[in-house]
Amino acid sequence: MPRILSALVAGLIFGAGIAVSGMINPAKVLNFFDIAETWDPSLAFVMGGALAVTALGYFLVLKRPTPAFEKRFHLPTKKRLDLPLIGGSALFGIGWGIAGFCPGGSIPALGLGQSSAFVFVAAMIAGMFAVKLVRSAMLVRAVRGRA
Amino acid sequence: MTEFTPLTSLLGGGLIGVAAVLLMALNGRVAGLSGILGGLVPPAAPDWVWRAAFLAGAVVAPGLILAFTGFTISFDSPVPTPWLIVGGLIVGVGVTLGSGCSSGHGVCGMARLSGRSIAATISFMIATAATVFIIRHVLGGF
């Protein structure tokens, strides 16, 4: 129960941050990336504020042996820079540049009742599901190949 | 045009940071939206309940702000629906292959100086800026 409650509270604060910061607004996001014409530098301040707080907070928190309600910190263990990381991230950037929504911006936008956010999130989930499908099909083939 | 909002953007960014630190301090989890959502996409991860709780909080928050504060949340989506679908599909594929998005890599990973997250963030920032430039100034689109 404490784990679920703490996740809910963190989600509330995250959603509030996205809404207050302007990251929820696709027009603002697209203008941040449009240095050539309608540049709105606001999102650099979002990044700056988020990074400053998170860097300091993580520095203090990750010194502790465990988190409060879990046995361990779940941090990514991969170190290598590989093609899926760089290529996948580049793809994400292309999609972000087309739609003006990123995952963190689109989820709180659902709460505003914006139909564009529902369309985007549905398509995004379909994209995630497609990768999972292909990956599990490849896994099945690899296991069969070995047997 | 959108209005330059340095103060509220800084404040909102700070709140995003507070949420990330809280989720790490209490649950030991990275506040990466694509990772949290990805764990709910079938086949769902066994720890789907806290993921759903986090997302529920994120969805409800803007409505609470509108209901209980005088803050106005500006919103304008200039992108036509077919392109929202194309963009959404590409984002879904990209963040799954790339193991993160602007919150997971851009905030949480960069904050702990993860080499993978710094590389991912550089990759998607360049790709996003290039895409916006091409759509707006080469193709004359939205």
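Scoring rules and cut-offs
Residues numbered from 1 in each chain as written. Chains lettered and ligands numbered in written order. Predicted model: local features only at pLDDT ≥ 70, side-chain atom pairs only at ≥ 80, totals over all residues. Heavy atoms only, no water. Helix = DSSP H or I, 4+ residues; strand = E, 2+ residues; numbered from the N terminus. Expected span 1.5 Å × (residues − 1). Bend = angle between axes of the 7 residues up to and from the residue. Contact = heavy atoms within 4.5 Å. Phe/Tyr/Trp six-rings, centres within 6.5 Å; stacked < 30°, edge-to-face > 60°. Buried < 20%, exposed > 50% of the residue type's maximum accessible area, 1.4 Å probe, protein only. Patch = residues over 30% accessible without salt bridge, like charges linked within 9 Å, V, L, I, M, F, W, Y side chains within 5 Å. Areas by Shrake-Rupley, 256 points an atom, 1.4 Å probe, with all protein chains shown as cover. Salt bridge = Lys/Arg side-chain N within 4 Å of Asp/Glu carboxyl O.

(A) Region of the structure containing helix α3 (residues 48-68) of chain B. A rise of 1.5 Å per residue sets the reference length of α3 of chain B, with its 21 residues, at 30 Å; its end C-alpha atoms lie 30 Å apart and thus fit the reference within 8%. At Ala61 of chain B, α3 of chain B shows its maximal kink, close to 30°; a proline, Pro62 of chain B, follows between one and four residues later. The inward-facing, buried residues of α3 of chain B contact α1 (2-21) and α5 (103-110) of chain A together with α1 (6-27) and α2 (33-38) of chain B.

(B) Up close: the packing of aromatic side chains. Applying the stated rule across the entire model yields ten aromatic pairs over all chains. Considering the side-chain rings of Phe32 of chain A and Phe33 of chain A, the 5.1 Å spacing of their centres and the 75° angle between planes classify their relative orientation as edge-to-face. With respect to class, Phe32 of chain A is no different from Phe33 of chain A; both count as buried. Each member of the aromatic cluster is reached from another via a ring pair, and the members are Phe32, Phe33, Phe92 and Trp96 of chain A together with Phe124 of chain B.

(C) Quick look at a nonpolar patch on the surface. Where nonpolar side chains cluster on the molecular surface, the patch consists of Phe129, Leu133, Val134 and Met138 of chain A and spans about 380 Å² of accessible area. Residue placement: Met138 of chain A occurs in helix α6 (residues 115-146).

(D) Inspection of the pattern of salt bridges at higher detail. As enumerated under the stated definition, the model contains six salt bridges over all chains in all. Linking Asp40 of chain A and Lys28 of chain A is a salt bridge whose minimum nitrogen-to-oxygen distance equals 2.8 Å. With Asp40 of chain A in the loop between α2 (26-33) and α3 (42-61) and Lys28 of chain A in helix α2, the pair connects residues that are twelve residues apart, well separated along the chain. As far as burial versus exposure is concerned, Asp40 of chain A and Lys28 of chain A are alike and both buried. Residue Arg116 of chain B is joined to Asp82 of chain A by a salt bridge in which the shortest nitrogen-to-oxygen separation is 3.4 Å. Of this pair, Arg116 of chain B sits in helix α6 (residues 115-138) while Asp82 of chain A sits in the loop between α3 and α4 (83-99), on two different chains.

By themselves, these are just geometric observations and shouldn't be taken as functional.
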